[in-house]
Amino acid sequence: MHQTMPTPAVTFSVVPATAAIAGSAVRFPVRRIFCIGRNYAEHAAEMGASVDRGNPVFFCKPADAVVDDGTQIPYPPATQELHHEVEMVVALHSGGADISEQRALEHVFGYGVGLDLTRRDLQAVAKAKGMPWDSAKAFDHSAPLSAIRASSEIGHPQSAALTLEINGNVRQQSDISQMIFSVPEILARLSRLFELKAGDLIFTGTPAGVGPLVRGDRFHARLGDIAELRGCIV
Ligand code: MN
């Protein structure tokens, strides 16, 4: 006999992760955050890593690691070495598996600028021991992100200055044209590993100049005239 299960007297207060869209009251629903490592030669060199064209480094952050522009970010626990990595961020409005480079940009909703905040000390230990990077990369508040600019407005930038100032001093400065893997290449390669879908964000790697953040630091990241992100560490 079929019996209806009683409804448990439980409420769940889960807030879906979202990001701002420039000029819109609608928010972008964040499904997953993918990140690529070692995508600028000078940054790979400063980390003592070699660039492997055949084998890009991918890792993930949880969707709710996103933090809006203008937010105070708590210095994370369990680290003595919080680092900034300024990156262009790609937002998808559709996806798929085995996406071709030729059609990859059709899936891009827009572009923003973000920080891939990193517990560098924990990452160094993980690298030395061949352990996963999750504790170093996927912590709470580890993905501050600007409002996303729609590609229907700005197209698909091939070059744009990528800059990070800390307390008014330039710490990182490059151009997205210096990326080793282009956005179409990243999407094509990622989609062979994971089915990409609407709501996915991709952090596209950081140029040289990564360094520490301490409590009280104010950051200002810019991607050309496309996006900017401000915040501080408290
Ligand atoms: Mn990064």
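Before reading on, note that the structure itself is shown above.
Fair warning: this is a prediction, and the values are worked out from it, not measured in the lab. (Residues numbered from 1 in each chain as written. Predicted model: local features only at pLDDT ≥ 70, side-chain atom pairs only at ≥ 80, totals over all residues. Heavy atoms only, no water.)

Chemist: I would appreciate a short explanation of the overall build of the protein in the present structure.
Modeler: Secondary structure summary: the protein contains five helices and 18 strands in total. In terms of overall size, the protein behaves like a compact globule, its C-alpha atoms giving a radius of gyration of 18 Å where 234 residues would be expected to give roughly 17 Å. Each principal axis of the C-alpha atoms in the protein carries an extent, and together these give about 65 × 45 × 40 Å. Considering the protein as a whole, with its 234 residues, one finds that 48% of them fall into the buried category. The contacts in the protein between residues at least 6 apart in sequence include a share of 76% that link residues at least 24 apart. When the accessible surface of the protein is totalled, it reaches about 11,600 Å², and 52% of it is carbon and sulfur. Between the averaged position of the 21 positive side-chain charges in the protein and that of its 25 negative side-chain charges there is a distance of 3 Å. (Helix = DSSP H or I, 4+ residues; strand = E, 2+ residues; numbered from the N terminus. Rg over C-alpha atoms; globule rule 2.2 N^0.38 Å. Buried < 20%, exposed > 50% of the residue type's maximum accessible area, 1.4 Å probe, protein only. Contact = heavy atoms within 4.5 Å. Areas by Shrake-Rupley, 256 points an atom, 1.4 Å probe, with all protein chains shown as cover. Lys, Arg positive; Asp, Glu negative; His and termini not counted. Charge placed at Lys NZ, Arg CZ, Asp CG, Glu CD.)

Chemist: For this particular structure, what's the right way to read the sheet that holds strand 16 (residues 211-212)?
Modeler: Sheets are built from strands paired through backbone hydrogen bonds, the pairs being either parallel or antiparallel. With respect to topology, three strands assemble into an open sheet ordered 10-7-16, the strand pairing being antiparallel. At either end of the open sheet lies a strand with only one pairing partner, and these are strand 10 (118-119) and strand 16. Where strand 7 (residues 82-84) meets strand 10, two bridges bridge the pair, whose relative direction is antiparallel. Each bridged residue has a counterpart across the sheet, and for Leu-82 the counterpart in strand 10 is Arg-119. (Pairing = 2+ DSSP bridges.)

Chemist: Would you take a moment to explain the environment of Gln-72 for this structure?
Modeler: Note that Gln-72 resides in strand 6 (residues 71-73). In this structure, the C-alpha to C-alpha distance between Gln-72 and Gly-231, residues 159 residues apart in sequence, is 5.8 Å.

Chemist: What exactly am I supposed to notice about the pattern of salt bridges here?
Modeler: Pairing is possible between side chains of opposite charge, provided their charged atoms come close. Summed over the entire model, instances satisfying the criterion amount to ten salt bridges. For Glu-85, the salt bridge identified is with Arg-120, shortest N-O distance 2.8 Å. Of this pair, Glu-85 sits in the loop between strand 7 and strand 8 (86-92) while Arg-120 sits in helix 2 (residues 120-129); the two residues are 35 residues apart in sequence, bridging distant segments of the chain. Of the residues examined, Glu-85 reaches a relative accessible area of 4% and is grouped as buried. Overall, the relative accessible area of 7% leaves Arg-120 in the buried class. Look at the salt bridges and you will find they share partners, linking Lys-61, Glu-85, Asp-116, Arg-120 and Lys-137 into a network. (Salt bridge = Lys/Arg side-chain N within 4 Å of Asp/Glu carboxyl O.)

Chemist: What is the right way to read the coordination of the manganese ion from this model?
Modeler: Within the protein, the atoms that donate to the manganese ion are Glu-85 (OE), Glu-87 (OE) and Asp-116 (OD), at distances of 2.0 to 2.1 Å. Donor residues binding the manganese ion come from one chain and are separated in sequence as E-x1-E-x28-D. Of this pair, Glu-85 sits in the loop between strand 7 and strand 8 while Asp-116 is found in the loop between strand 9 (108-115) and strand 10, placing the two residues 31 residues apart along the sequence. (Donors = N, O, S within 2.8 Å, 3.2 Å for Na, K, Ca; no water.)

Chemist: Explain the packing of aromatic side chains to me, please; I cannot follow it from the model alone.
Modeler: Any aromatic ring pair is given by two values, namely how distant the centres are and how the planes are angled relative to each other. For the structure shown, the criterion picks out three aromatic pairs. When the ring centre of Phe-139 is taken as reference, the NZ or CZ atom of Lys-61 above it lies at 5.8 Å. (Phe/Tyr/Trp six-rings, centres within 6.5 Å; stacked < 30°, edge-to-face > 60°. Lys NZ or Arg CZ within 6 Å of the ring centre and 35° of its normal.)

Chemist: What am I meant to see in the environment of Ser-191 here?
Modeler: Topologically, Ser-191 is positioned in helix 5 (residues 183-193). Owing to a relative accessible area of 2%, Ser-191 belongs among the buried residues under this scheme. Put simply, Ser-191 and Val-57 are 134 residues apart on the chain and 14 Å apart in space, counted from C-alpha to C-alpha. Residues within four places of Ser-191 in sequence aside, it is in contact with Gly-96, Ala-97, Asp-98, Ile-99 and Leu-196. Within the structure, Ser-191 has its side chain in polar contact with the backbone nitrogen of Ile-99 (distance 2.8 Å). (Polar contact = N/O pair within 3.5 Å; in protein donor to acceptor, adjacent residues only side chain to side chain.)

Chemist: Which parts of the structure should I look at to understand the nonpolar core?
Modeler: Here is a general trend for soluble globular proteins: nonpolar side chains tend to be buried in one another's company. With 41 residues, the main nonpolar core has Met-88, Val-90, Val-113, Leu-187, Ile-202, Phe-219 and Leu-223 as its most contacted residues. Contributing elements (two or more residues each) for this core: strand 3 (33-37), strand 8, strand 9, strand 13 (161-166), helix 5, strand 17 (218-223) and strand 18 (227-233). Setting aside residues up to four positions removed in sequence, Leu-223 forms contacts with Met-88, Tyr-111, Gly-112, Val-113, Ala-160, Ala-161, Leu-162 and Ile-176. The next biggest cluster of nonpolar side chains, apart from the first, holds 20 residues, and it includes Ala-17, Ala-65, Ala-91 and Ala-126. (Core = buried A, V, L, I, M, F, W, Y, C linked by side-chain atoms within 4.5 Å.)

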